Amino acid sequence: MEHPENSSEYAGLQVNSGVEQPSIINPYLKRNRFRRRELTAAEMVEGITKGDITILSQAVTLVESVNPDHQAKAQEVINKCLPFSGNSIRIGISGVPGAGKSTSIDAFGIHVLKEHGGRLAVLAIDPSSERTKGSILGDKTRMEKLSIHPDSFIRPSPTAGSLGGVARKTRETIILCEAAGFDKIFVETVGVGQSETACHSMVDFFLLLQVAGTGDELQGIKRGIMEISDGIVINKCDGDNVDRCHMAATNFRNALHFFPKTESGWMPKVLCYSGFYGTGIKEVWDMIYEYVDFVKDNGYFDYRRNEQAKYWMYETINEQLRLNFYHNPTIRQQLQAAEHSVLAGQQTSFIAAQQLLDTYYNSLPSPLVPSNP
């Protein structure tokens, strides 16, 4: 493009074109020179069992991938790691937004690594935007001490609009972390909601974080997340908030007496602590270890893990059936027409759904029936 300053109307002004800038890419650099060699499933299993964090991270990425080839390879890795799993304490942590889940994990993790040793893995489920489908994955920034500890592993995962799928992948990630030698695993949920049920189905101890001043005694009696909690901790018990925290703890203890007895026979405890000042952390861990010893003695620990394995088998069946239905070519062609007929009032939603299901069943290959000899 010619410089307008070189026009005759601008006397005594001359602008040179300059030197053509070279490309920022080295023309002598081979494109595939630094490409990382893809590991086989056997090499991944070997690296995971040796405690290699880099290979563990690659395996988790493989588990979270939606690529069918990656999924097949991930399942092979998980199956080979399964004999090395199961030797950990799985702890689920939930609470309302702002209750201090990430800060508490940082405080709890540093304490248990210092007092009991071992290795700790943190699996944080981060909500994805409904508009952009992106996630910040910034929970790690709140765990300042734990993120730089040599015996910790923090892995945030996005929900990506599918809570059930993320929960299943989180459970598979637990197996990989256990095979890598992590004997304590934290699972942090996105907050109060449907995720609590999925989280409860993959952990041994479910810890609920609360803050004082969120309601009266009636709030504590409400069913749902209170019923599945094995322990309740009132956070931010410091400064002028101490009396309110102890009052809230008393209200929660009274509310727990209205609930039926738990399957494990354990009576959930209510404690107060401060994540900012680090007070009351030992009491929380004493409660967790007391619970683990209690359920191991009465056999509920193994029973619950067996029930969880059975639960995820059925969940996987339901998920695969749903995906197979919506990816069926015949259903894809008729789904739009069924939507229009329902919106136009030509048929009810139930009849349209039944017709689609009948079409799906008829499109499946007929089972091979052995002929009589």
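For the structure, see preceding data.
About the criteria used
- Residues numbered from 1 in each chain as written.
- Predicted model: local features only at pLDDT ≥ 70, side-chain atom pairs only at ≥ 80, totals over all residues.
- Heavy atoms only, no water.
- Helix = DSSP H or I, 4+ residues; strand = E, 2+ residues; numbered from the N terminus.
- Buried < 20%, exposed > 50% of the residue type's maximum accessible area, 1.4 Å probe, protein only.
- Contact = heavy atoms within 4.5 Å.
- Areas by Shrake-Rupley, 256 points an atom, 1.4 Å probe, with all protein chains shown as cover.
- Disulfide = S-S within 2.5 Å.
- Core = buried A, V, L, I, M, F, W, Y, C linked by side-chain atoms within 4.5 Å.
- Salt bridge = Lys/Arg side-chain N within 4 Å of Asp/Glu carboxyl O.
- Phe/Tyr/Trp six-rings, centres within 6.5 Å; stacked < 30°, edge-to-face > 60°.
- Lys NZ or Arg CZ within 6 Å of the ring centre and 35° of its normal.
- Expected span 1.5 Å × (residues − 1).
- Arc of directions from axis to C-beta.
- Polar contact = N/O pair within 3.5 Å; in protein donor to acceptor, adjacent residues only side chain to side chain.

A. Representation of the overall build of the chain. Along the chain, the regular secondary structure elements total 13 helices and seven strands. Looking at the chain as a whole, 41% of its 373 residues are labelled buried. A separation threshold of at least 6 residues defines the contact pool for the chain, and within that pool the share at least 24 residues apart is 75%. Here the chain displays about 22300 Å² of accessible surface, and carbon together with sulfur accounts for 54% of that area.

B. Examining the state of the cysteines more closely. Under the criterion given, the structure shown has zero disulfides. With no disulfide of its own, Cys272 lies 4.6 Å from the sulfur of Cys237, the closest cysteine sulfur. Here Cys272 falls in the buried class, since its relative accessible area comes to 19%.

C. Summary view of the nonpolar core. Among the nonpolar cores identified, the biggest contains 47 residues, and Ile48, Leu56, Val77, Leu176, Cys177 and Ile234 are the most heavily contacted of them. Ranked by the residues each element gives to this core, the list is headed by helix α2 (residues 53–64), at six residues. The residues contacting Ile234, other than those within four sequence positions of it, are Gln210, Val211, Ala212, Cys245, Ala249, Phe252, Val270, Leu271, Cys272 and Tyr273. If you look at the next biggest cluster of nonpolar residues, it comprises 32 residues, including Ile93, Val122, Val295 and Phe301.

D. View of the pattern of salt bridges. Evaluation of the coordinates by the stated rule reveals eleven salt bridges. Note that Lys282 and Asp286 form a salt bridge whose closest N and O atoms lie 2.9 Å from each other. Linking Lys282 with Asp286, this pair stays in helix α10 (residues 281–297), spanning four residues, or about one helical turn. According to the relative accessible area criterion, Lys282 is partly exposed, its value standing at 48%. Relative accessible area serves as the criterion here: at 38%, Asp286 is assigned to the partly exposed category.

E. Local environment of the packing of aromatic side chains. Taken as a whole, this structure holds 13 aromatic pairs when the rule is applied. Ring pairing ties together the aromatic residues Phe205, Trp266, Tyr291 and Phe294, which thus form one cluster. Above the ring of Phe182, the side-chain terminus of Arg119 is found at 4.3 Å from the ring centroid. Over the face of the ring belonging to Phe301 we find Lys296, whose NZ or CZ atom lies 5.0 Å from the ring centre.

F. Spatial organisation of α2. The end-to-end C-alpha distance of α2 is 17 Å, a good match for the 16 Å that twelve residues give at a rise of 1.5 Å each. Restricting attention to buried positions, one finds in α2 the residues Ile55, Leu56, Ala59, Val60, Leu62 and Val63. Each buried residue of α2 lies within a common arc of 155 degrees when the element is viewed along its axis, so the set occupies one face. Where α2 starts, the residue carrying a side-chain oxygen 3.0 Å from the main-chain nitrogen of Thr54 turns out to be Asp52.

G. Focus on the side chain of Thr173. Within the secondary structure, Thr173 is located in helix α6 (residues 163–179). Given the relative accessible area of 4%, Thr173 is considered buried. The contact partners of Thr173, leaving out residues within four places of it in the chain, are Val60, Val63 and Leu123.

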